[in-house]
Each structure stands twice: as C-alpha cells, then as structure tokens.
Amino acid sequence: MPRNLQSSVLLASSLAIATTISSTLDGVNGFVISGRVSPCVSSGRKQSHSSWPSRGFSAATELHSAPDSLGMRSSTRDGRPNPLPSPSEFVGVIFDMDGTITKHCIDFADLRRRIYDIADDDFGGPDKHDGGCVLELAEKLSPDGRKRANDVFQDIEQKAIDDMKFMDGLVDLCRCIDDLGVKRAILTRNVRRSVDALHDRLLDDEGISGFYPALARDSTCEQGNLIPAKPAPDAILHICNVWGCDPSNVIMVGDSPADDIVAGSRAGCRARILLAEGGVVRDNDSGNGGPIDEEEARQRTPCITVASLLELRDLLRDNQ
C-alpha cells in the first residue's frame, strides 16, 4: 500500500478509536505509580519501550478530553471538571517544548519525508522498512545512513533555533507558576542546544530563570545512559525523582497526544493537559506508526484541553 494511502487509513482508524474511547472514559484514571522513583527506571510495567504500541496520530483535528474522577476538586471557570492536584499535593508542571512553550517551527511532514527517503535508499526501497518514529528509524540505518539522518536533524533543529519564538502567554505563565511556588520542567525530543537557546532568551529578554530539570533527547541519567524519549515514561519519572515527588503530584502539558499525553499517562501523572492552539491539534508527529489499539487510544486522551497558555495560567490560578 502506498505510504500516503497507508497513513490516511491509519489516521482514520486512530481517530475512530480515540473518539469511541474518549466518549466512554469518564471516571477512568491512568495507572498511578506510588512511592519514590529512581532515575533511568521504567514505569514498573513488564513491557519494554519497544513493545509499546507505535504512534500514528499526525493530522490537524479537534480532540475530545476525558476527565479523571480521581483527584477532581472542583470545576473550571467554564464548568469543566478540574483535573489538577490539590494545592497541598501540587509539586510541578512538566512542559513539552516545540509547539507548547515555543511556537510551531518544525515541519514534521518534511522531517518524515526526508528521513523516510534516506531509509528507502539505505534499505533498498519503501517496502523494506515500516517507517515509524524517525528517531528510532535513524538508529536502524547504516553508518552512512545515520550520518545523513543526523545531518537532517541538525539542519531542521538549527532552523528551529533560528526561528524560535515564545508561545503567546509563556512569560505570564512562567511568572504565575513561580509566584505559586510550583516547579516547572521541560521534556522535549529536541536536542540540548535548543533548550539552552530557549533558556538564554528567557533570561536575557524577560529576566526569567530556566526550567529545571530540562531534559532533551540527548540527556543522560546518573549512570550515563540516555533517558528514553517520549512516549516512554522514564524521563517523567526521572524529573519526579529530582523533585522528590510522586507522578500523581505533577501535570504533563504538551501538544502531541501520541508523545506528550501518552508519556504522562504511562508515568501516572495526575493530569495530562493538551495544548491545542486555536482549538486544533497540528501535525506534530515524528513518525506514522502502525495502528493503535484501544489502550493507547485511552492513553492519548487528555484530561483537559486548553487553547492557549493563558487559559492554562487561569486554570492554575483558579486551582488555589
């Protein structure tokens, strides 16, 4: 089946499952990990990272939210259930970076096309590999193929740094979080230099200190091992270990159901908040994976969806 037709079929399947699951999720909470967590550890599930269902959501579409029944304290100002931890339990907010706290500046469709073209050359045709996550696919390439893929990543990431702009409302949101005494962290599939560029601009332009911890795809734990990228929960668990808290004391905020919301669900975050700027989820997927099952459709469903960072700021203020 041609790749573009396959992607359309998979997208339709994903959305059909997600819509069905989101309509029946009231009162369902993701698994919660209790107690302290160790850096560079898995979620405690028997599955390995590679055995988790692959990602496949990539189109701009409206997405429903499914509130958790556990931990609900009140309603938001528009009448939706408040998914946040109580103030006495609330420790921190973990943010995705591109498309969440910085404006969309990565062309994911172009990224996938360029990496898939390299894989076609490397493996001998599009029928010799299954596409999927571009980062995982790049690891399977020959040394020459990996070099070409890394050149693509560096080109796209440098352009993202050059074009970087704060998401509307970021400065006000950071100041609100700091005033509330809540911690803030970054978890991104970008490289460290992108995070450093963001921190430099926040400090130089606005006098705001950086996010801590700030984990990128090339971040390592104490043992020197790379921390698996989203949607694996390991990085969230690492952040919770640094903060000395349980995942149920934090919220995960991002613009990707397949990466950010799934990672938060697998880690056991109390709330998984989707930022859908303007009310839609844009193409922010790093790979068109295989069909998703009902469990991953559930994991991709956020507790609540906000249309802006200022809406999130108001949600945090109202939670006090």
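Scoring rules and cut-offs
Note that residues are indexed from 1 along each chain, following the sequence as it is written. Thresholds applied to this predicted model are a pLDDT of at least 70 for local features of residues and 80 or more for the giving and counting of side-chain atom pairs; totals over whole chains, interfaces and linings are not thresholded and use all residues. Hydrogens and water molecules were not included; the side-chain quantities draw on all heavy atoms of the structure. Here, a strand pair is defined by DSSP locating no fewer than two bridges between the strands. In this text, helices come from DSSP runs of H or I with a minimum length of four residues, and strands from runs of E with a minimum of two, each type numbered from the N-terminal end. In what follows, a contact means two residues having at least one pair of non-hydrogen atoms within 4.5 Å. Whenever a helix is involved, its axis is fitted only over the stretch in contact; in every case the axis is a line through C-alpha atoms, and angles between N-to-C directions fall within 0 to 180 degrees. Each residue is placed in one exposure class: buried if its accessible area under a 1.4 Å probe, protein chains only, is under 20% of its type's maximum, exposed if it is over 50%, and partly exposed if it falls in between. The quantity known as pLDDT measures the predictor's confidence residue by residue, on a range of 0 to 100. Aromatic rings from Phe, Tyr and Trp, with only the six-membered ring used for Trp, were paired whenever their centres fell within 6.5 Å, and each pair was classed as stacked if the ring planes differed by under 30 degrees, edge-to-face if by over 60, and tilted otherwise. In this analysis the charged atom, NZ for Lys or CZ for Arg, is taken to sit over a ring once it is within 6 Å of the ring centre and within 35 degrees of the ring normal.

1. Comments concerning the sheet that holds strand β2 (residues 183-187)
- In spatial order, the strands read β3-β2-β1-β4-β5-β6; together these 6 strands make up an open sheet with parallel pairing. Every other strand in the sheet has two partners, leaving β3 (214-215) and β6 (304-306) as the edge strands with one partner each.
- With respect to the sheet, helix α8 (residues 257-267) is in contact with β4 (250-254) and β5 (271-275), its orientation differing from that of β5 by roughly 165°.

2. Thoughts on the environment of Pro87
- By secondary structure assignment, the location of Pro87 is in the loop between α1 (3-22) and β1 (92-95).
- Separated by 229 residues in the primary sequence, Pro87 and Leu316 place their C-alpha atoms 9.5 Å from one another.

3. As for helix α5 (residues 170-180)
- Among the residues making up α5, those that are buried are Leu170, Val171, Leu173, Cys174, Cys176 and Ile177.
- For α5, the secondary structure elements touched by its buried residues are β1, β2, α6 (192-206) and α10 (309-318).

4. Points about unusual backbone geometry
- Going from Tyr212 to Pro213, the amide bond is cis rather than trans, its omega being -10°.
- The topology assignment puts Pro213 in the loop between α6 and β3.
- The residue after Lys230, namely Pro231, is reached through a cis peptide bond having omega 15°.
- Looking at the element boundaries, Pro231 is found in the loop between β3 and α7 (234-243).

5. Some details on the confidence of the model for the chain
- When the pLDDT values of the chain are averaged, the result is 79; 74% of them are 70 or greater.
- Residue range residues 4-72 is modelled with pLDDT below 50. Its contacts to residues more than four positions away, or to other chains, number 166 contacts.

6. A short note on the packing of aromatic side chains
- Evaluation of the coordinates by the stated rule reveals 1 aromatic pair.
- It is Arg184 that lies over the ring of Phe211; its NZ or CZ is 4.7 Å from the centre.
- Sitting over the face of the ring of Phe153, Arg217 holds its NZ or CZ atom 5.3 Å from the ring centroid.

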